[in-house]
Amino acid sequence: MEQVVIEECARWPYGDLAHLAHLELFTPRPEESLRFFTQVMGLEVSGQEGDSVYLRGWDDYEFHTLKLTASKWPGLGHLAFRTKSPEALRRRVRALEATGLGEGWTEGDLGHGLAYRFRTPDGHLVELFYETRWYTPTEATRPALKNQASRFPGRGVNLRRLDHVNLLAADVAAVRIFMEEYLGMKVTEQIIFSDGGEQGAWLTCNNKTYDVAVTKDHLGARGRLHHFTYAVDTREDVLRAADICLEHGVFIETGPHKHAIQQTFFLYVYEPGGCRFEIASPGARLLLAPDWKPIRWNEEERKRGQAWGLQTVPTFHTYGVPPVEVGEG
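A brief structural summary. Predicted, not measured: the structure shown is a model, and the values here were computed from it.

Parameters and conventions
- Residues numbered from 1 in each chain as written.
- Predicted model: local features only at pLDDT ≥ 70, side-chain atom pairs only at ≥ 80, totals over all residues.
- Heavy atoms only, no water.
- Buried < 20%, exposed > 50% of the residue type's maximum accessible area, 1.4 Å probe, protein only.
- Helix = DSSP H or I, 4+ residues; strand = E, 2+ residues; numbered from the N terminus.
- Axes fitted to C-alpha atoms, helices over the stretch in contact; angles between N-to-C directions.
- Parallel < 35°, antiparallel > 145°, perpendicular 65-115°, else oblique.
- Contact = heavy atoms within 4.5 Å.
- Nonpolar A, V, L, I, M, F, W, Y, C, P; charged D, E, K, R; others polar.
- Pairing = 2+ DSSP bridges.
- Polar contact = N/O pair within 3.5 Å; in protein donor to acceptor, adjacent residues only side chain to side chain.
- Core = buried A, V, L, I, M, F, W, Y, C linked by side-chain atoms within 4.5 Å.

**Overview of helix α2 (residues 30-40)**
- All of the buried residues in α2 are S33, F36, F37, T38 and V40.
- Looking one or two residues past α2, G42 carries a phi angle of roughly 90°, positive in sign.

**Regarding the packing of helix α3 (residues 86-97) against helix α4 (residues 172-183)**
- Viewed as axis vectors pointing N to C, α3 and α4 meet at an angle of 130°, and their least axial separation amounts to 9 Å. Judged by the inter-axis angle, α3 sits oblique to α4. On α4, the residues touching R92, A95 and L96 of α3 are F178, E181, Y182 and L183.
- Of the residues assigned to the contact of α3 with α4, the class counts are five nonpolar, no polar and two charged.

**Description of the sheet that holds strand β13 (residues 225-231)**
- The nine strands lie next to each other as β14-β15-β16-β13-β9-β12-β11-β10-β17, forming an open sheet whose pairing is mixed. The sheet terminates laterally at β14 (252-258) and β17 (295-297), the two strands that pair on one side only. The mean inter-strand angle of the sheet, taken between neighbouring strand axes irrespective of direction, is 15°.
- Bridging between β14 and strand β15 (residues 265-270) involves four bridges; their strand directions are antiparallel. Paired with H257 across the two strands is F266, which belongs to β15.

**Considering the side chain of S33**
- In this fold, S33 is placed in helix α2.
- At 2.6 Å, the side chain of S33 and the side chain of E271 are in polar contact.
- Excluding residues within four positions of it along the chain, S33 makes contact with T27, L68, E271, P272 and G273.

**Here we look at the nonpolar core**
- With 60 residues, the main nonpolar core has F37, M41, F81, M179, F228, F277 and I279 as its most contacted residues.
- Not counting residues up to four positions away in its chain, the partners in contact with F228 are L23, L25, F37, L66, L162, H164, V165, C275, R276, F277 and E278.
- Counting five residues, the second largest nonpolar core, distinct from the first, contains W202, Y210, A213 and I261.

**Quick word on the sheet that holds strand β3 (residues 52-56)**
- In spatial order, the strands read β2-β3-β4-β1-β5-β8-β7-β6; together these eight strands make up an open sheet with mixed pairing. Where the open sheet ends on each side, the last strands, each with one partner, are β2 (44-49) and β6 (102-106). Direction aside, neighbouring strands of the sheet carry axes that sit 25° apart on average.
- Note: β3 against strand β4 (residues 66-70), four bridges, orientation antiparallel.

**Looking at the pairing of β3**
- Most of β3 is tucked away, with five of its five residues classed as buried.
- Burial of β3 is two-sided: the residues S52, Y54 and R56 facing one way and the residues V53 and L55 facing the other way are all buried.
- One ladder, built from five bridges, connects β2 with β3; its direction is antiparallel. Bridge assignment links E49 to a residue of β3, and that residue is S52.
- The antiparallel hairpin formed by β2 and β3 contains two residues in its connecting segment, where G50 sits at a positive phi of about 60°.

What follows is the structure, given as structure tokens:
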């Protein structure tokens, strides 16, 4: 039976997932984190339940793309993908059940219906669902143009939409292969060092160049979060975001600058709960070629730094959440 499931998975190598839908972020400073994401970053609150607040960018079509949950330590609660259909969800679940990493069905959340939960080989908690709740604008958020999810907020950085998440992993290759074989994601770029070790992989499930990045946890911990990213329209928006963060006393780790990998124009900051957060302009890069071959970067190329020569700051290779002593405990 297991062989049949694996063969079925192979017949659907790409196309069952629609997009990265949301993530849950744990924060030990919930009020400060909420103020950061709403007043400084410009996200809107769409709901609240228990210890969690649900947030979204002004052009995110779903009820929420960020679930902010009070917790003792900062970290990733879970990330979630929407599938393209109920049938696609059932196919992925049958394949995932054969891995032994499945945790079963949940009743869903404030923003979506039934969801299947599983772990990556590194321990990250992931959900798949199809039935979702579309955001309904209020009088205050109704846009002038009905092909826009909600009104431009004109507040803070004005984040438009959830873009991607970067997971830290003790074994990048294992997580990458899992996402290819059992989620049907496609690799667009990789970092392969001289010794053959895989240091990073960027994967997509649609025409964006990536929804998920998996990079090496140099401290050897498992299941940690490196950062997550919301998109803005232009490079100028990222530059303005740096000014806004400066005015609000937000710690800027690196940038504004341009990545060599994926060519994203970026700014990395820390939100009050301790998580690294990226504001980015992905530009107009789309993955349209059906026969795309992964771009591979070697060790020498990566040592040159970012696109225009900015060297990667040391903390970019060591800092993640939860803190390593917590993650290992």
